[in-house]
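Spelled out from the first residue to the last, the chains are:
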Amino acid sequence: MIEFMNVDKIYPNGTQALQNLNLKIEQGEFVAVIGLSGAGKSTLIRCINRMHDITEGQLLVDGTDITNLRGKQVRDLRRRIGMIFQSFNLVTRISVIKNVLVSFVPDNALWRNIIGLYTKQQKVKALEALDKVGILEKAYIRVDQLSGGQQQRVALARTLAQNPAIILADEPIASLDPVTSKLVMDDFKRINKEMNISVIMNIHHVEVALEYADRIIGVRAGEVVFDGPTSKVTDDI
Ligand code: ADP
Ligand code: ADP
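Rules behind the numbers
- Residues numbered from 1 in each chain as written.
- Chains lettered and ligands numbered in written order.
- Predicted model: local features only at pLDDT ≥ 70, side-chain atom pairs only at ≥ 80, totals over all residues.
- Heavy atoms only, no water.
- Helix = DSSP H or I, 4+ residues; strand = E, 2+ residues; numbered from the N terminus.
- Rg over C-alpha atoms; globule rule 2.2 N^0.38 Å.
- Buried < 20%, exposed > 50% of the residue type's maximum accessible area, 1.4 Å probe, protein only.
- Contact = heavy atoms within 4.5 Å.
- Lys, Arg positive; Asp, Glu negative; His and termini not counted.
- Charge placed at Lys NZ, Arg CZ, Asp CG, Glu CD.
- Salt bridge = Lys/Arg side-chain N within 4 Å of Asp/Glu carboxyl O.
- Near = heavy atom within 4 Å.
- Polar contact = N/O pair within 3.5 Å; in protein donor to acceptor, adjacent residues only side chain to side chain.
- Areas by Shrake-Rupley, 256 points an atom, 1.4 Å probe, with all protein chains shown as cover.
- Core = buried A, V, L, I, M, F, W, Y, C linked by side-chain atoms within 4.5 Å.
- Phe/Tyr/Trp six-rings, centres within 6.5 Å; stacked < 30°, edge-to-face > 60°.
- Lys NZ or Arg CZ within 6 Å of the ring centre and 35° of its normal.
- Pairing = 2+ DSSP bridges.

The name given to the protein chain in an unreviewed UniProt entry is Phosphonate ABC transporter ATP-binding protein, with Aquibacillus rhizosphaerae as the source organism.

Next up, the structure:
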């Protein structure tokens, strides 16, 4: 469970990106955060895994105020909260499975992964994660040989391999064509429903948000201007 309590985020240059934000997100929800460019969507999402620090208020994850977490505690938080980016953030010159295995290796030991030191159990977990997003047959292909949609599914598999409770997705389909976007969104939906992993997705395709999310949070100038089930959303928000 995630709870924002009177959260402000002011960047060092003085830009106020979030203003007195109050939100509660329960385990297993599929939430789409929508709003114009610059509204604060990305900031909102990135505070949840401490990519950004909040300036005021409290941000609770499973009852713990994450503001005060340090070092290893932040790494543990990020293991429980997967992150998916618009740009996939994969190592494109190595194989798909090696990219997934990266999730088992501490940040400072990437070399281990590149030279192929990992356990059989880790390899099985990586292959299972690839199977869940339908790209098991691509496991030994280099990432730069895959389409954008396939690459995003590798990123999703990498996140799944660490057994997250929550997946944050920052514009995950922004660089994909409509057909591929649908495949990727279907994966998010299936993961959300079958594995009860919360999905919090920042997305500017409102019609996609309406099709897939259970709940819509509308943000404008750092404030929540709409928050409700998708069925309650009308065209004029
Ligand atoms: P969105 O994701 O809705 O496009 P952002 O959260 O990226 O919005 O940005 C919200 C506001 O904060 C914008 O005015 C943006 O320019 C500003 N902003 C975002 N990141 C930074 C940063 N690192 N430093 C200063 N201002 C930032
Ligand atoms: P995206 O749309 O993928 O969130 P942006 O173009 O909004 O990307 O931001 C790219 C990077 O630049 C982010 O790390 C964001 O925090 C930072 N950024 C965005 N707006 C500003 C700003 N006004 N000043 C400084 N950094 C910013």
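### So, the overall build of the protein chain
Summing up its helical and strand segments, the protein chain has 8 helices and 10 strands in all. At 18 Å, the protein chain has a C-alpha radius of gyration in line with the 18 Å of a compact globule built from 237 residues. Here the protein chain holds 237 residues, and the buried ones make up 49% of them. Pairs at least 24 apart in sequence give 68% of the contacts found in the protein chain among residues at least 6 apart. Here the protein chain holds 29 positive side-chain charges and 27 negative ones, and the gap between their average locations is 9 Å.

### Regarding the pattern of salt bridges
Considering all chains together, one arrives at 12 salt bridges under this definition. Note that R190 is salt-bridged to D187, the shortest N-O span being 3.0 Å. Residue R190 and its partner D187 are located together in helix α7 (residues 178-195), separated by 3 residues, close to a single helical turn. A salt bridge links K193 to D214; the shortest N-O distance between them is 2.9 Å. Placement of the pair is K193 in helix α7 and D214 in the loop between α8 (206-212) and β9 (215-220), with a sequence separation of 21 residues.

### Structural notes on the site of ligand 2
In the vicinity of ligand 2, the contacting residues are S42, H52 and Q86. One of the side-chain nitrogen or oxygen atoms of S42 is found 3.5 Å away from an oxygen atom of ligand 2. Alone, ligand 2 offers 550 Å² of accessible surface; in the complex the protein occludes 26% of this.

### Focus: the side chain of Q151
Looking at the secondary structure, you find Q151 in helix α6 (residues 148-160). From its side chain, Q151 meets the backbone oxygen of V143 in a polar contact 3.2 Å long. What Q151 contacts, discounting residues up to four positions off in sequence, is F88, L90, T92, V143, D144 and L146.

### Some points on unusual backbone geometry
One non-glycine residue, N163, lies in positive phi territory at about 50°. By the secondary structure assignment, N163 is in the loop between α6 and β7 (166-170). A positive phi angle, close to 45°, is found at A221, a residue other than glycine. The topology assignment puts A221 in the loop between β9 and β10 (223-229).

### What about the nonpolar core?
One finds M185, F188 and I203 to be the most contacted residues of the largest nonpolar core, which totals 44 residues. Of all the secondary structure elements, the ones that give two or more residues to this core are β3 (30-34), α3 (96-101), α5 (120-132), α6, β7, α7, β8 (198-202) and α8. Considering each element in turn, this core owes the most residues, 5 residues, to α6. With near-sequence residues (within four places) excluded, I203 lies in contact with A32, V33, I34, E171, I173, M185, V208 and A209. Judged by nonpolar contacts, the second largest core, of 30 residues, contains L23, I25, L44 and I48.

### Examining the packing of aromatic side chains
For the structure on display, the rule yields 0 aromatic pairs. The ring of Y11 carries the charged tip of K9 above its face, separated from the ring centre by 4.8 Å.

### What about the pairing of β3?
Burial of β3 is extensive: 5 of the 5 residues sit out of reach of the surface. Residues of β3 alternate between two faces, with F30, A32 and I34 on one and V31 and V33 on the opposite face, all of them buried. Inspection of the sheet shows β3 paired to β8 by 4 bridges, in the parallel sense. Pairing of F30 across the sheet is with V199, part of β8. Where β3 and β9 come together, 4 bridges link them in parallel fashion. When the bridges of β9 are listed, I34 appears paired with G218.

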